[in-house]
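Examining the three-dimensional arrangement
These are the residues of each chain, in order.
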Amino acid sequence: MHTVNDHALIPVGISACLLGHKVRYDGGHKRSKYCLNVLSECFEFRPFCPEVSIGLSTPREPIRLVGSAEAPRVVGTKDPSLDVTEPLQRYADEVGQAQPDLCGYILMQGSPSCGMERVKVYHENGMPNVAGSGAYAARLMKNNPALPVEEEGRLNDAILRENFITRVFVYHAWRQEVMQQPSLHEVIQFHSRHKYQLMAHSYEGYKALGKYLAEEASELPLTQVLETYILRLMTFLKNRASRKSHTNVLMHIMGYLKKEIDTDTKQDLLEAIEQYRTNKVHLVVPLALLKHYLKRHGSEYIRTQAYLDPYPHELGLRNYI
Ligand code: SF4
């Protein structure tokens, strides 16, 4: 089981201004209480300010994205001859190479360097054009497509928050449990432990990855399997898990108890799941009940499912979804 105290902190990159560093163009910061007060209990934050790291001063002339959404340039707002596109991209390459153990990244929204999406891209004449990604963030995500990345603003949404933190913990577990001594056997074991977690996010993904490991993987080079599996898993996990898909998983898990519990207990469990399905209680309610009975009657296989304890319960994430 995960607890905040018995786990090594997970290395996660973060836009430095979110940790309160005064590195913004106006000399200010964008301190995130949630990151500093809550997530820092689980994550070892590694702050990066790409603009300061490429040599821009603080305070400084603001920069913005200009051109197309796919390949915007990052130029000075007042002085368009100041073009820092390549330096920002090179810095993203450097961070990726120097920090290969990062298991997630939290970015500052709206920034022409750090914004993950929906950053304004302007026409040359200064009129807003389309939306794109900041130059540093775009390169970071391109270089590390499996890395869980999220914007701090989106962590206010309970479902997105739970989704991101789940992905960070899965990615960290992958590094610890498979990549230390990789083998196809370890990948299959890992998949087996994450089956229900994957099912909650994507039934299609659950089927597809099971088939891939059972029918294709043994014929392929291990390096290819490792790369393909984790990228596909992390992509499927980005899907929002819904009440419907969680209900499906809860019913599957309850199936492991059927023979061991009496009719009244079974009825209690079904009622709790139904209350969750119909939006009357949060996920923590049916899960707490299920876990209680699994502890006594569950097989090793079901009790070790990552879905039951995907992250330290102190984060309370399932109290809100
Ligand atoms: S958003 Fe990124 S580039 Fe801008 S101040 Fe924050 S860390 Fe630096």
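This write-up is about the structure you can find in this document. Quick caveat: nothing in here was measured; it's all calculated off a predicted structure. All residue numbers here refer to positions counted from 1 along the written sequence of the relevant chain. For a predicted model such as this one, the threshold for reporting local features is a pLDDT of at least 70, and the threshold for listing and counting side-chain atom pairs is 80 or more; totals across whole chains, interfaces and linings nevertheless cover every residue.

What follows deals with the sheet that holds strand β2 (residues 43-48). Within a beta sheet, neighbouring strands are joined by backbone hydrogen bonds and run either parallel or antiparallel to one another. Pairing between strands is defined by DSSP: at least two bridges between the two strands are required. Where helices and strands are cited, they refer to DSSP runs of H or I of at least four residues and of E of at least two residues respectively, numbered from the N terminus. Spatially, the four strands line up as an open sheet ordered β2-β1-β5-β8, and their pairing is parallel. The open sheet has two edge strands, β2 and β8 (149-151), and neither has a second partner. Within this sheet the neighbouring strands show an average axis-to-axis angle of 25 degrees, counted without direction. Here strand β5 (residues 105-107) pairs with β8 via three bridges, running parallel. Its bridge partner lying in β8, I106 is registered against E150. Here, axes are lines fitted to C-alpha atoms. For helices the fit covers the stretch in contact, and angles between N-to-C directions go from 0 to 180 degrees.

Turning to the pairing of strand β3 (residues 63-66), a few remarks are in order. Relative to strand β4 (residues 73-76), β3 is paired through four bridges, and the arrangement is antiparallel. By the bridge assignment, I63 is partnered in β4 with G76. Between β3 and β4, which pair antiparallel in sequence order, lie six residues; one of them, G67, sits at a positive phi of approximately 115 degrees.

Two elements, strand β6 (residues 119-122) and strand β7 (residues 128-132), share four bridges in a ladder whose sense is antiparallel. Counterpart to K120 in the pairing with β7 is A131. Between β6 and β7, which pair antiparallel in sequence order, lie five residues; one of them, G126, sits at a positive phi of approximately 95 degrees.

Turning our attention to the sheet that holds β6. In space, the four strands of this open sheet follow the order β4-β3-β6-β7, with mixed pairing throughout. The strands lining the two open edges of the sheet, one partner per strand, are β4 and β7. Ignoring which end each strand starts from, the neighbouring axes of this sheet average 50 degrees apart.

For the rest of this paragraph, the subject is the packing of helix α5 (residues 158-177) against helix α9 (residues 222-237). For the pair α5 and α9, the least separation of the axes is 10 Å and the interaxial angle reads 165 degrees. It follows from the interaxial angle that α5 and α9 lie roughly antiparallel. Crossing of α5 over α9 shows right-handed handedness. Mapping the contact onto sequence places T166, R167, V170, Y171 and W174 in α5 and I230, M234 and L237 in α9. When residues are sorted by character, Ala, Val, Leu, Ile, Met, Phe, Trp, Tyr, Cys and Pro go into the nonpolar class, Asp, Glu, Lys and Arg into the charged class, and all the rest, Gly among them, into the polar class. Classifying every residue of the contact of α5 with α9 gives six nonpolar, one polar and one charged. Here the angle decides the label: under 35 degrees means roughly parallel, over 145 means roughly antiparallel, 65 to 115 means roughly perpendicular, and every other value means oblique. The handedness criterion is simple: a crossing whose near helix is rotated anticlockwise from the far helix by less than a right angle is left-handed, and one whose near helix is rotated clockwise is right-handed. With C-beta atoms placed from the backbone, a contact is any residue pair whose C-beta atoms sit within 7 Å.

Such coordinate-based values are descriptive only and should not be taken to indicate function.
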